[in-house]
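So the chains spell out like this:
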Amino acid sequence: MRDRGAGFRFAVHGLGSAVLAFLLLPILAVVPASFNHGTFIRIPPETWSLRWYQRFFADPEWLSSLWTSFEVAVIATVLSVLLGTSAALGLARVGGRLRATLTGLVLAPMIVPVVVTAVALYYIGRYWGLTGTMLGLAVAHVLMCLPFVVLNVGVSLRGLDPTWLRAAEGLGASPARVFLTVTMPTILPGLFGGAVFSLITSFDEVVMSIFLAGIRAKTLPVKMWETVRLEFSPVLSVASTLLIVLTVVLFGLFRLADRRAQP
Amino acid sequence: MPVTTTMRRHTATALLLLPALLFLALSFVAPMLILFKLSVTAKEGPLWAYGEILGNAVYLRVFWNTLVVAVAVTAISVIAAYPTAYMLTLLKGWALTLAVYGVLFPLWISVLIRTFSWILLLEKNGPVNRALVASGVVDGPVQFLFNNTGVLIGMIHVLLPYAILPIYANMLRVDGRLMLASDGLAASPWMTFRRVYLPLTMPGVGAGAVFVFLLSLGFFITPALLGGISNLTVAMLIELLVNERLIWSLAAAASFLLLAAIAALLAVAARFVPLGTALEAR
């Protein structure tokens, strides 16, 4: 476009930066809030301390919810990667309408409002013994994570040249060997990306977990949800900060692996 | 020989798809079908639950409020997203990387944390109110929370990236020579924008609007924490019917009315907006 002058560019950058600040600052506000000394959260804190971190790590309920989150996230991620990778490989082998229909089915949990899926699963889960159990939470999380794995592996599968597969077969490689030496290295970045997305999704999942959690199986976001409805305890900002740090670490790992995979 | 090879191939494909399909059938399709059955098997009659919701002013107001909030969130998000996406197209190098991460990063932070953060920022003695009072813009603290203002702020914050990304992806595909041609034909910058650039970026705007609108219809956490009990959304109503009032048939009917609205919207949108390509842009 013709140079619209400094005024126009200033306006665009001003508006855009304001929107970016609006997106980022509220997330960062939670971090200093966790270092409050007082009983009431103040941003920025009047006196800084690690008091509420001590409270968090001394409270068995918060700790066990953190531990449950870890366990559920690992189970959900392993299941999602296994089911999702297999499904993505299968989807690449069918064509036309069938492929579109099946892809739609896999992605449907992303489109149906989570409350609706949660209520449906909660109803049936009471009869199948899924509510209040780690397995129930993991199943619900797999439903949310699966689309990410299928999409990620699907994208990296597009980089797989079918002639390589035929070449490997022609050279007498068994299907298992073709998979391990040709397919696997190609889809590994997508598989890793899907796994990271799954971990983060499972760690952050609230709505499904609120319905399916019980006293014995309560993830960190559920504990946070219950607490936020009772009181705005500074422990909440500690839990939030820990989750943010965890997400940043996972995200960083993913970018690192992604960069290494694409020379 | 070729026949058996083809058959083996089909069997392998089926075996690859089977685990995920079985899982989805049990944990998604079956529960949804049972929920549907619940909505049409109330002891008062097969269509009682739907009639009760569509005929009751209290429930209709919840649906209306959800629609109003969704429309407002969508409109403001798209208006804010457009210049932001355009700014991204002007940036290069590290500034671009930083700005793109700025848009993507919030997507990875839990909605619960982001909503909680807004409570801290917008409460009566929070930093936003302190700044407003100190600068003399308002006389006393503004009531942001537990009404639709707080809900709008929180939801726009969560959904903005879904508007920015498809618009940005669309803007990247616009051929810059078309603008040069328009300039060469002596069109004013405003004319070039209105007649060339805006129409070319409308598919992105449409895709962004559809995403934001769809997602906001089913929002639960943000309205539940930032909104008041007088501004219920459909998602909050469903939760309330299940957990507080224990009327499953009504909760199921509300769920399927919400789903029907979403399905209708998607069907209409698919005719005008290239949703598939926009989804890939994510």
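Here the structure is a predicted model, which is why all the values come from computation and not from measurement.

Draft legend 1. Structural detail: the overall build of chain A. Looking only at helices and strands, one finds 11 helices and zero strands in chain A. When its helices and strands are written in sequence order, chain A yields α-α-α-α-α-α-α-α-α-α-α. If you take every contact in chain A between residues at least 6 apart in sequence, the share linking residues at least 24 apart comes to 72%. For chain A, the exposed area adds up to about 12,400 Å²; of that, 68% sits on carbon and sulfur atoms. Across chain A, the mean location of the 20 positive side-chain charges is 8 Å away from that of the 12 negative side-chain charges.

Draft legend 2. Representation of the pattern of salt bridges within the structure. All names here are of chain A. Per the stated rule, a full pass over the model turns up five salt bridges over all chains. A salt bridge links E61 to K223; the nearest nitrogen and oxygen atoms lie 2.9 Å apart. With E61 in helix α3 (residues 60-93) and K223 in helix α10 (residues 220-230), the pair connects residues that are 162 residues apart, well separated along the chain. When its relative accessible area of 11% is taken as the criterion, K223 is described as buried. Here K218 and E226 are joined by a salt bridge, their closest N and O atoms 3.1 Å apart.

Draft legend 3. Looking closely at the domain arrangement of chain B. All names here are of chain B. Here chain B is described as being made up of domain 1 (1-40) and domain 2 (50-281). The straight-line distance from the C-alpha centre of domain 1 to that of domain 2 is 35 Å. Tallying the contact residues gives six residues for domain 1 and eight residues for domain 2. Of the roughly 580 Å² buried where domain 1 meets domain 2, counting both sides, 82% is carbon and sulfur surface. For the domain 1 face of the interface with domain 2, the top three residues by lost area are L35, L38 and S39, together amounting to 68%. On the surface where domain 1 and domain 2 come into contact, there are one residue pair in polar contact (both at pLDDT 80 or more). For the side of domain 1 that touches domain 2, the residue count by class is five nonpolar, one polar and no charged.

Draft legend 4. Main features of the environment of A252 of chain B. All names here are of chain B. On the secondary structure map, A252 appears in helix α12 (residues 248-272). Under the relative-accessibility criterion, A252 is labelled buried at 0%. Distance from A252 to F220, taken between C-alpha atoms, is 16 Å for residues 32 residues apart in sequence. Non-local contacts of A252, meaning those with residues more than four positions away in its chain, are made with L35, L38 and S39.

Draft legend 5. Expanded view of the confidence of the model for chain B. Chain-level pLDDT for chain B is 88 on average; 96% of the residues reach the 70-or-more range. Across chain B, the secondary-structure element scoring lowest on mean pLDDT is helix α13 (residues 275-281) of chain B, at 52, and the one scoring highest is helix α3 (residues 57-90) of chain B, at 94.

Draft legend 6. Spotlight on the interface of chain B and chain A. Facing the 82 residues of chain B at the interface are 83 residues of chain A. In total, about 7,400 Å² of surface goes out of reach between chain B and chain A, with carbon and sulfur atoms giving 80% of it. The interface formed by chain B and chain A contains seven residue pairs in polar contact (both at pLDDT 80 or more). Of the residues in the side of chain B that touches chain A, the class split is 62 nonpolar, 12 polar and eight charged.

Conventions and cut-offs
- Residues numbered from 1 in each chain as written.
- Chains lettered and ligands numbered in written order.
- Predicted model: local features only at pLDDT ≥ 70, side-chain atom pairs only at ≥ 80, totals over all residues.
- Heavy atoms only, no water.
- Helix = DSSP H or I, 4+ residues; strand = E, 2+ residues; numbered from the N terminus.
- Contact = heavy atoms within 4.5 Å.
- Areas by Shrake-Rupley, 256 points an atom, 1.4 Å probe, with all protein chains shown as cover.
- Lys, Arg positive; Asp, Glu negative; His and termini not counted.
- Charge placed at Lys NZ, Arg CZ, Asp CG, Glu CD.
- Salt bridge = Lys/Arg side-chain N within 4 Å of Asp/Glu carboxyl O.
- Buried < 20%, exposed > 50% of the residue type's maximum accessible area, 1.4 Å probe, protein only.
- Domains from an automatic or database assignment.
- Buried area = accessible area lost by both parts, 1.4 Å probe.
- Polar contact = N/O pair within 3.5 Å; in protein donor to acceptor, adjacent residues only side chain to side chain.
- Nonpolar A, V, L, I, M, F, W, Y, C, P; charged D, E, K, R; others polar.
- pLDDT = per-residue confidence, 0-100.

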